[in-house]
Each structure stands twice: as structure tokens, then as C-alpha cells.
Amino acid sequence: LKQPSHSSVRPWPSTQRSGGHFLNMTRLLGALALVLLGCTALAEDGFHAIQGVQTTYKTLTEGTGEAVVEKGDSVTVHATGIVRQTDKKFWSTKDSGQQPFTYTAGGGVITGWDKGAMGMKIGEVRLLMIPAAEGYGANGFPAWGIPKNGDLSFEIEVLTIKGKSATKAKRMAGSEQDL
């Protein structure tokens, strides 16, 4: 067997190969920079990220009380939905003939709305920015004018919360009154 000469043995891959790794690393760092800039832009606009989803929210009006929207709660809201690509409203509980909408938190509505409303208090108003994948997806909802891959914005106002946190808040308020 022939032993390789020292000049042909390298502790790293060939220049051609390492150049490819360098380009991949450069692309990765570039993508990371864009993500960080995007997060900074969101924060500057007052929008907050939600762990585990791409939907973001901005609080327009602070809520009151101790009760917050939690999984399993029955939540009644006013809601207005707009298709972001066209800036057209497709639904609002505030329109003539409409009424507040009640759903069960934790899966009773589209993912972006559900995750975006978690933690809201009574009277709180949030603006949600929902990507298509967490809204009506690749098919959209043509009957409502939501196109394929339509991104949405929803303004949500919590009117009532019935469930664990609301019951707990009432008990706490009752025990404070007893003091």
C-alpha cells in the first residue's frame, strides 16, 4: 500500500468543498439576520411573536380583570376579519344583522385566531396578523372572498370569558371582598 504524501493530506476538506460550506454558512447567517431584522421590525410596530406559530399580535386596548382566555374556555368576542392581500373585509360581528361570536378556546376557530387570543382579558382588543397556513390555508375560503393562500388580519375584542380562569377570578374577587 502506498502512503499518501504529507502534501496531499489535509485536516479539512478540499478548498472546493470548504467553499461550498462557506457559502452555505453565509446563506444561513444571512437568513438569520433577516429573521432577526423581521423580529425587530415586528417589535418596533408593536407586534409580538407567539411561541410555536407565525401569527403575531398587537394590543390595541388593554383588558381588565384577572380572567384570561385559556384552552377550554367559552369566549365571546367581536371580530372583524380582513384579507391582507386585498384589504377587503370578509366578516365582522359589528356589521348590521350580526352579533358577537362565541367559540371554545383551544381549537374552535382557525389556528392564528386561537393562538392569538390566548391570554386576552375582558375588554382587551388585539390586532392579529395571521399567515395563510394558520388561517384558511392553500384553499382559502372562496365563499367569504378569502383567496387561496390568503393572509388575514383580525381585530378581536373579548366580551366574556366563561371557564377555568373566569371562575378562579370570581373566587378571588369574592375572597377579597370577605376581607
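Residues numbered from 1 in each chain as written. Predicted model: local features only at pLDDT ≥ 70, side-chain atom pairs only at ≥ 80, totals over all residues. Heavy atoms only, no water.

Student: What exactly am I supposed to notice about the pattern of salt bridges here?
Tutor: Side chains carrying opposite charge are able to pair once their charged atoms draw close together. Applying the stated criterion across every chain, the model contains 3 salt bridges. Between Lys89 and Asp95 there is a salt bridge, with the nearest N and O atoms lying 2.8 Å from each other. One salt bridge connects Arg126 with Glu124, and the closest N-O pair in it is separated by 2.8 Å. In this structure, Arg126 and Glu124 share a single accessibility class: buried. (Salt bridge = Lys/Arg side-chain N within 4 Å of Asp/Glu carboxyl O. Buried < 20%, exposed > 50% of the residue type's maximum accessible area, 1.4 Å probe, protein only.)

Student: I tried to follow empty space enclosed by the protein on my own but got confused; where do I start?
Tutor: All chains considered together, the criterion is met by 1 cavity of 30 Å³ or more. Looking at the largest cavity, its volume works out to about 40 Å³. Taken together, His78, Ala79, Thr80, Lys94, Val125, Glu155, Ile156 and Glu157 make up the lining of the largest cavity. Sorting the residues of the lining of the largest cavity by element identifies β4 (74-83) and β9 (152-162) as the ones contributing at least two each. (1 Å grid on protein atoms, 1.4 Å probe; cavity = no way out; pocket = protein on both sides within 12 Å on 5 of 7 lines; lining within 4 Å. Points joined across faces, edges and corners; volume = space filled by probe spheres on them. Helix = DSSP H or I, 4+ residues; strand = E, 2+ residues; numbered from the N terminus.)

Student: I keep staring at the nonpolar core and nothing clicks. Help me out?
Tutor: Side chains that are nonpolar tend, in soluble globular proteins, to be buried together. Val69, Val77, Tyr103, Trp113, Leu152, Phe154 and Ile156 are the most contacted members of the largest nonpolar core, which totals 26 residues. Among the secondary structure elements, those contributing two or more residues to this core are β4, β5 (88-92), α2 (111-117), β8 (125-130) and β9. Ranked by the residues each element gives to this core, the list is headed by β9, at 5 residues. Not counting residues within four places of it along the chain, the set of residues in contact with Val69 comprises Val75, Tyr103, Ala105, Ala117, Met118, Gly119, Met120, Val158 and Ile161. (Core = buried A, V, L, I, M, F, W, Y, C linked by side-chain atoms within 4.5 Å. Contact = heavy atoms within 4.5 Å.)

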